[in-house]
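Spelled out, the chains give:
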Amino acid sequence: MNELIAINLKNERPTILAKELYNFLGYDKSQWSRWYKKSISCDDFFKEIIDYITFDMKSNGNDTKDFQLTIDMAKENS
């Protein structure tokens, strides 16, 4: 069976990468920062460590953020 978005099963709860979800949904790549701030970082409903984990990464030589989202949080953001 082909996966549409890779699921990480190594954590206590299954998670997916927010950037993969964002790309899968076909959102404008130039709006990534705006989307994650509105949908993840500044959303009072979800809590870091419980619903998502933030990490820094390089993308095209630039520093950016990505997030491991619980499946329940990913459903809410899709």
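Anyway, here's the lowdown on the structure attached to this text. (Residues numbered from 1 in each chain as written. Predicted model: local features only at pLDDT ≥ 70, side-chain atom pairs only at ≥ 80, totals over all residues. Heavy atoms only, no water.)

Each helix and strand counted, the chain has three helices and three strands in total. Seen through its C-alpha atoms, the chain measures out along the principal axes to roughly 35 × 30 × 20 Å. For the chain, the proportion of its 78 residues judged to be buried stands at 29%. Relative to all contacts within the chain whose residues are 6 or more apart in sequence, the contacts with residues 24 or more apart total 47%. Distance between charge centres in the chain, computed from 11 positive and 13 negative side chains, equals 5 Å. (Helix = DSSP H or I, 4+ residues; strand = E, 2+ residues; numbered from the N terminus. Buried < 20%, exposed > 50% of the residue type's maximum accessible area, 1.4 Å probe, protein only. Contact = heavy atoms within 4.5 Å. Lys, Arg positive; Asp, Glu negative; His and termini not counted. Charge placed at Lys NZ, Arg CZ, Asp CG, Glu CD.)

Further remarks concern the pairing of strand β2 (residues 52-59). Bridging between β2 and strand β3 (residues 62-70) involves eight bridges; their strand directions are antiparallel. Looking at β3, one finds that Ser59 is bridged to Asn62. What sits between the antiparallel neighbours β2 and β3 is a turn of two residues, in which Asn60 has the positive phi angle 55°. (Pairing = 2+ DSSP bridges.)

Read from one edge to the other, the open sheet built from three strands follows the order β1-β3-β2, with strand pairing classed as antiparallel. Each edge of the open sheet is held by one strand with a lone partner, namely β1 (15-17) and β2. Averaged over neighbouring strand pairs, the angle between their axes works out to 25° when direction is ignored. For β1 and β3, the ladder comprises three bridges, and the chain directions are antiparallel. Across the sheet, the residue bridging to Thr15 is Thr70, located in β3. (Axes fitted to C-alpha atoms, helices over the stretch in contact; angles between N-to-C directions.)

Here we come to the environment of Glu76. Following the sequence through the fold, Glu76 ends up in helix α3 (residues 71-77). In the structure, Glu76 is positioned 37 residues away from Ser39 in sequence and 9.2 Å away in space, judged by C-alpha atoms.

The phi dihedral of Ile49 is positive, around 80°, even though this residue is not glycine. Among the secondary structure elements, Ile49 is positioned in the loop between α2 (32-41) and β2.

This part is about the pattern of salt bridges. As enumerated under the stated definition, the model contains two salt bridges in all. Taking the shortest distance from any N to any O, the salt bridge between Asp56 and Lys65 comes out at 3.1 Å. Judged by relative accessible area, which is 30%, Lys65 ranks as partly exposed. Taking the shortest distance from any N to any O, the salt bridge between Lys58 and Asp63 comes out at 3.0 Å. In terms of burial, Lys58 and Asp63 fall into one category: exposed. (Salt bridge = Lys/Arg side-chain N within 4 Å of Asp/Glu carboxyl O.)

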